[in-house]
Amino acid sequence: MTHSTTSQRLGNVTSFKNEGAVFCADTTHGKFRITVYSESIFRIAITRQTDFESFSYSVVADPETIKTDCQESAEQITIKTKACRLIIDKNPARFSFQTLDGNIINEDDSLGVSWIGEQVTAYKKLQPGERFLGLGEKTGNLDRRGTAYQNWNTDAYGYNTGTDPLYASIPFYMGAHNGLCYGIFFDNTHKTFFNFGASNQRFSSFAADAGEMNYYFIYGSTVAEILQHYTHLTGRMELPPLWGLGYQQCRYSYYPDKEVLNLARTFREKEIPADAIVLDIHYMDQYKIFTWDKKKFAQPQEMLDSLKKSGFHVVIMCDPGIKTEPGYEPYDDGLKNDVFLKYPDGENYSGQVWPGWCCFPDFTNPKTRAWWAEKFKAYVELGVDGFWNDMNEIATWGQSLPENIEFDFEGNKATSRKGRNVYGMQMARSTYEGTKKLLEGKRPFNLTRSGFAGIQRYAAIWTGDNGSYDEHMLLGVRLVNSLGLSGVAYAGYDTGGFVGDATPKLFARWISIASLSPFFRTHSMINSRDSEPWSYGEEVEMISRNYIRLRYQLLPYIYSLFYEAAQTGMPIQRSLAIEYPHEPLVYNSNYQHEYLFGPNILVAPVESTKELTKVFLPAGEWYYLYSGKMYTGDREILIECPTHKLPVFVKAGAVLPMQKAIMTTAEKTNELILHVYAGKVSSEFTLYTDDGETFKYEQSEFSKRKIEYRSNQNQLILHKSEGLMQSPYEKIRLVFHGLASAHILVNQQQKNLIQTNHSYFLPMEKFDPFFEPENLGEEVVQTLQLDYTAHHIEVSW
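Residues numbered from 1 in each chain as written. Predicted model: local features only at pLDDT ≥ 70, side-chain atom pairs only at ≥ 80, totals over all residues. Heavy atoms only, no water.

Trainee: Where do I start with the side chain of His 472 in this structure?
Mentor: With respect to the secondary-structure elements, His 472 resides in helix α8 (residues 470–484). Excluding residues within four positions of it along the chain, His 472 makes contact with Tyr 159, Asn 160, Asn 466, Gly 467 and Trp 510. (Helix = DSSP H or I, 4+ residues; strand = E, 2+ residues; numbered from the N terminus. Contact = heavy atoms within 4.5 Å.)

Trainee: Would you take a moment to explain the sheet that holds strand β47 (residues 731–737) for this structure?
Mentor: Within a sheet, adjacent strands bond to each other through the backbone by hydrogen bonds, running parallel or antiparallel. Strand order in this open sheet of five strands is β42-β43-β47-β51-β50, and the pairing throughout is mixed. A single partner strand is all that each edge strand has here, and the edge strands are β42 (655–658) and β50 (754–758). On average, each strand axis in the sheet is inclined to that of its neighbour by 30°, with strand direction left out of account. Pairing between β47 and strand β51 (residues 779–787): six bridges, direction antiparallel. Paired with Leu 734 across the bridge in β51 is Leu 784. (Pairing = 2+ DSSP bridges. Axes fitted to C-alpha atoms, helices over the stretch in contact; angles between N-to-C directions.)

Trainee: Explanation requested: the pairing of strand β8 (residues 85–89) in the structure shown.
Mentor: Taken residue by residue, a regular strand's side chains alternate between the two faces of the sheet. Of all the five residues making up β8, four are buried; the element is thus mostly covered by neighbouring parts of the structure. By the bridge criterion, five bridges tie strand β7 (residues 76–80) to β8 in an arrangement that is antiparallel. Directly across from Thr 78, in β8, lies its bridge partner Ile 87. Between β7 and the antiparallel strand that follows it, β8, lie four residues. (Buried < 20%, exposed > 50% of the residue type's maximum accessible area, 1.4 Å probe, protein only.)

Trainee: Looking at this structure, I do not really get the packing of α8 against helix α9 (residues 504–514). What am I missing?
Mentor: How two helices sit against one another is set out by the angle between their axes and by the gap between those axes. Running from N to C, α8 and α9 cross one another at 5°; their axes reach a closest spacing of 11 Å. What the angle tells us is that α8 and α9 run roughly parallel. Here α8 contributes Asp 470, His 472, Met 473 and Val 477 to the contact with α9, which in turn contributes Leu 506, Arg 509, Trp 510 and Ile 513. Here the contact of α8 with α9 is built from residues that sort into five nonpolar, one polar and two charged. (Parallel < 35°, antiparallel > 145°, perpendicular 65-115°, else oblique. Nonpolar A, V, L, I, M, F, W, Y, C, P; charged D, E, K, R; others polar.)

Trainee: Sorry, what's going on with the packing of aromatic side chains here?
Mentor: When we look at a pair of aromatic rings, we describe it by the centre distance and by the angle of the planes. Under the defined criterion, the tally for this structure stands at 73 aromatic pairs. Each ring, one from Tyr 557 and one from Phe 685, has its centre 5.3 Å from the other, and the planes form 20°; the classification is stacked. Residue Tyr 557 is located in helix α11 (residues 555–568), and its partner Phe 685 is located in strand β44 (residues 683–689); the two are separated by 128 residues in the primary sequence. Phe 685 carries the same exposure label as Tyr 557, and that label is buried. Here Tyr 624 and Tyr 626 contribute two aromatic rings whose centre-to-centre distance is 5.1 Å and whose plane-to-plane angle is 65°, an arrangement assigned as edge-to-face. The same class applies to Tyr 624 and to Tyr 626, which are both buried. Above the plane of the ring of Trp 462 lies Arg 521, whose end atom (NZ or CZ) is 5.0 Å from the centre. The positively charged end of Arg 705 is found above the aromatic ring belonging to Tyr 788, 4.7 Å away from the centroid. (Phe/Tyr/Trp six-rings, centres within 6.5 Å; stacked < 30°, edge-to-face > 60°. Lys NZ or Arg CZ within 6 Å of the ring centre and 35° of its normal.)

Trainee: Would you mind going over the pairing of strand β49 (residues 749–752) with me for this structure?
Mentor: Bridge count for strand β48 (residues 743–746) against β49 is four bridges, and the pairing is antiparallel. In the strand pairing of β49, His 743 is matched with Asn 752. Once β48 ends, the chain turns through two residues before running back antiparallel as β49, passing Asn 747 with a positive phi of about 50°.

Trainee: In this structure, what is going on with empty space enclosed by the protein? I would like to understand it.
Mentor: Over the atoms a probe the size of a water molecule is rolled, and this reveals where empty space is left. Summed over all chains, the structure comprises seven cavities of 30 Å³ or more. Considered as a void within the structure, the largest cavity measures approximately 150 Å³ in volume. Lining of the largest cavity is provided by 17 residues; of these, Glu 238, Pro 240, Tyr 458, Ala 459 and Tyr 490 occupy positions nearest its centre. Residue composition of the lining of the largest cavity, grouped by class: 13 nonpolar, two polar and two charged. In terms of residues, the lining of the second largest cavity owes the most to one element, α8, which gives three residues. A per-class count over the lining of the second largest cavity returns two nonpolar, six polar and three charged. (1 Å grid on protein atoms, 1.4 Å probe; cavity = no way out; pocket = protein on both sides within 12 Å on 5 of 7 lines; lining within 4 Å. Points joined across faces, edges and corners; volume = space filled by probe spheres on them.)

Trainee: I keep staring at the pattern of salt bridges and nothing clicks. Help me out?
Mentor: Pairing between side chains becomes possible if they bear opposite charge and their charged atoms approach one another. Inspection of the entire model under this criterion finds 36 salt bridges. In this structure, Lys 651 engages Glu 579 in a salt bridge whose closest nitrogen and oxygen atoms are separated by 3.5 Å. Here Lys 651, found in strand β41 (residues 648–651), pairs with Glu 579, found in helix α12 (residues 576–579); they are 72 residues apart in sequence, far enough to count as distant. The buried category is assigned to Lys 651, whose relative accessible area is 18%. Look at Glu 579 and you get partly exposed, because its relative accessible area is 43%. Connected through salt bridges with shared partners, the residues Asp 155, Asp 390, Glu 393, Arg 449 and Asp 465 form a single ionic network. (Salt bridge = Lys/Arg side-chain N within 4 Å of Asp/Glu carboxyl O.)

Trainee: How should the nonpolar core be read in this particular structure?
Mentor: Nonpolar side chains in soluble globular proteins generally cluster together in the buried interior. If you look at the biggest cluster of nonpolar residues, it comprises 215 residues, and the most contacted ones within it are Tyr 283, Ile 289, Tyr 379 and Phe 649. If you tally residues by element for this core, the top one is α11, at nine residues. If sequence neighbours within four positions are ignored, Phe 649 has contacts with Asn 600, Ile 601, Leu 602, Val 615, Leu 617, Trp 622, Tyr 623, Tyr 624, Leu 625, Tyr 631, Ile 637 and Ile 639. Counting residues in each nonpolar core, the second largest holds 43 residues, with Ala 25, Ile 79, Ala 122 and Tyr 149 among its members. (Core = buried A, V, L, I, M, F, W, Y, C linked by side-chain atoms within 4.5 Å.)

Trainee: Looking at this structure, I do not really get the side chain of Arg 457. What am I missing?
Mentor: Within the element layout of this structure, Arg 457 appears in the loop between β30 (451–452) and β31 (460–462). Among buried Asp, Glu, Lys and Arg side chains, Arg 457 stands out as unpaired, with Glu 433 the closest opposite charge at 7.4 Å. Reaching out from Arg 457, the side chain makes a polar contact with the backbone oxygen of Tyr 57 at a distance of 2.9 Å. A polar atom in the side chain of Arg 457 sits 2.6 Å from the backbone oxygen of Thr 234. Excluding anything up to four places from it in sequence, Arg 457 contacts Tyr 57, Ser 58, Val 60, Thr 234, Gly 235, Arg 236, Met 237, Met 425 and Tyr 432. (Lys, Arg positive; Asp, Glu negative; His and termini not counted. Polar contact = N/O pair within 3.5 Å; in protein donor to acceptor, adjacent residues only side chain to side chain.)

This is the structure we're talking about:
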C-alpha cells in the first residue's frame, strides 16, 4: 500500500464493538483497539494494517479481569473503570483521559493520531502548567517541557550535557499538572521521537518511524503509584547479589594480573571498603571475548582465587563482537550454529570494533541466547560472577549500522530499524539468564550500557563514557534520577569521570555523591591519571574512605531499598519530583539535582568548586547529617559545602537501620544500629535481610521486620519478624537524635539512655602545616542496647 507524503489522520469512527475489557473500532483510515489492562492502565493500539501487533519485549503483564462500564452515543464512547474514564470522540476519533469527575488528565490535540508516510504520531494537547518527567537516559533538565528527544541507541563516547540520543532508550514519560499526574509508555522499538512542546505551544507528541501506534496510558494519584503500575507492566528486577551494592574499582584497564592483585592489596592495607575489581578489555587475548591474554593473565585461576581470599569479586567486560578469525572457537562455533546477524541475502554482517572485523550474535533469536549462555561456562568455572555488557548499541567504528540487517525478533523477522533499540537489552538478557543458570542458584551481577524498556529485569545500567568535569558530575545525577523515574532502580555513573582527568576536589566530591547512589563504581580512561581513592593525595583519600565507609554502614538501609524496588519498582535514588511533583522549586535549575536516597536521606549534589551553596529543603523538618542541627523545611537555606562535606540531611521522624563500618559485604555483624531521628511526622520502614547471594528469598528464606515511628504516641515499635530465615542480628543499638527525654520504657520497663558524642565519620587528619583540619562533625546523641531477637519491641518516651 502506498501513502501520500502529506499527513493522514485516523479519521472518523465507522464501527465499534467490545468484548469484555477489549474495545475495537474501525475508522476512515485505520482502526484502533483499547485494552483495559487494569483499573488504571489502558492500552491504545492504532494501525492501518490488517492485524494488530501482538509481540513485546517490554511488557510482561497480562490484562487483569476487571469490570468496565461502557456507554456509546452518536458522538462519543465512554469507557469507565473505578479509577478513571476514557472518552472517545467519534468524529474525528480522539481520546481524552479524565478523572471520574471530569477533570482532564491527558487528551488528544485535534490532530489526534496521524501518519506521514510510515511515520505515526500521537499529538497531545498541552495542559496549563504541564511538566514532563522521565524518558530514561536523557540529558537536559528534570522538567522536559520545551525540549524534544529521539530514541536510537547510540555509542555516545564523551557525550556532553546536551547530547541526544545516548546509549539506552526508554520511551516512558510522566506528565504532571493541576494536581494530577499520569504516565505514557510508547511500546514501539523503532526510532521514536518525543516532543514536549519544543518549537510549538500547542501540543506534545510522540512518534515512531514505522510500526504501530501502541501506547499504554497509566493513571495514578502519585508519581510513585504510576511507577508501580509501569513496572507491573514491564517487570521489576530480581535482587542483585549483596556485593553488587558495594564499591567497585574499574579502569581501562588494570593489567597485568600483578597490578590487579596489588590493587586489591592496597584497598585492604588502606582499610578502604571495596567488593569488586572490574577488568576491562585488556584481560582478553587481542580483545576477543571468552579468552584470556596468555601473557598478562597467564594464570587467571590463581589470580581469581587470590582475590576471592581477599574478599574481592571480579567483574569482566563482555563485548558482543565475535572476531571473524578462523580457528577462534566462538567464531567457528557461531558459524556452525548460525547465530549471527545477517544481510537480506544471507551473508553474515560484520562490523569493525576492538578486535577488528566482527560478527554479532542475533540476541533476538532464542537459539542464539542459549548459544551465548553456554560460552560463559569457562568464566563461571573460574569463579567469575560479575558481567559487564558493553558496546551493545551496537557500537562499531563508523557509527552507521546498516538498516537492512535482519533480526530474528522471536520469529517475527525484522530489520535494524526495529531491532537496534532492543539489541543491548537482549544481550543483557542473554548474559543474565545464561550466567544465572550456570551459577546454580547464586545471583550474578549484570551491568549494561545499552537497554530498552524492561531492561530492569536483567541488568543495572551505567551511563556510559562520561567526562571528568563538574557539569558531567551533575548530569550523571540527573540521568540516574531520570532512569529511576523510568523503572530502572539500579543505575549509576563512572565516578570521577571516564574521559579526562579529575581534579582532587572533583574526585572527592564525586565520591561523596556516588556513595549515596544505587550503583557505585569508579572508572577511568586509558592514558589518563590514576583514579583510585588514594591517587589524589592524603586528604582526598581520607574523604573517600569516610564516604565509602558511610555507604557500608548504610547497607542494611540500602539493601532494604533494593528489596522495595524488587517488589514495587520504587527507585533507590528518588528525584524530588516523585514525592513533590507539584512543587515549583523542585524543578528550579539550582535544585533539580537534589534527590532522596530512599525515603529518608536528602542529598543535595553541588559542584566541587563551591564552598557555599543554596539547598531547597522540602516540607517537614530535616537534620543536618554532620551536626544533627535541625532545619525547618519548605524553604531555601544557605549552607557551607567544603570538599569533605556534601550537603546531606535526614528527614525528622525517620529511622535509619545501619551497621558498623566493614571492609566488604561478606563481613558479617550481629548488631543492628538503628538511628532514630525524632520528629513530628510518623514513619515506617521495612528492614529486609536474606543470604545476599542466592534466590532462596523467592521461597521466603528471608527476614523482614517492620519498624514504626509513631510521633503522636512518642513510640518506636519493632514488629515481629516475617520469613523463614533467622535474622543475622542478635543485638540492636538504638541511637536517638534530637530526643529530649533521658528515660524511656522498653516493653513497659524503664531504661536509662546513655549520652555520648556521635559521628558517622573518622576524624580528618592534619594534612596542612598551618591549619587544623575541620572534622566532619559530631553531635550529642542518646543510645541504648537491646536484644534484637525479642519478637516485639516497643519503645516509648
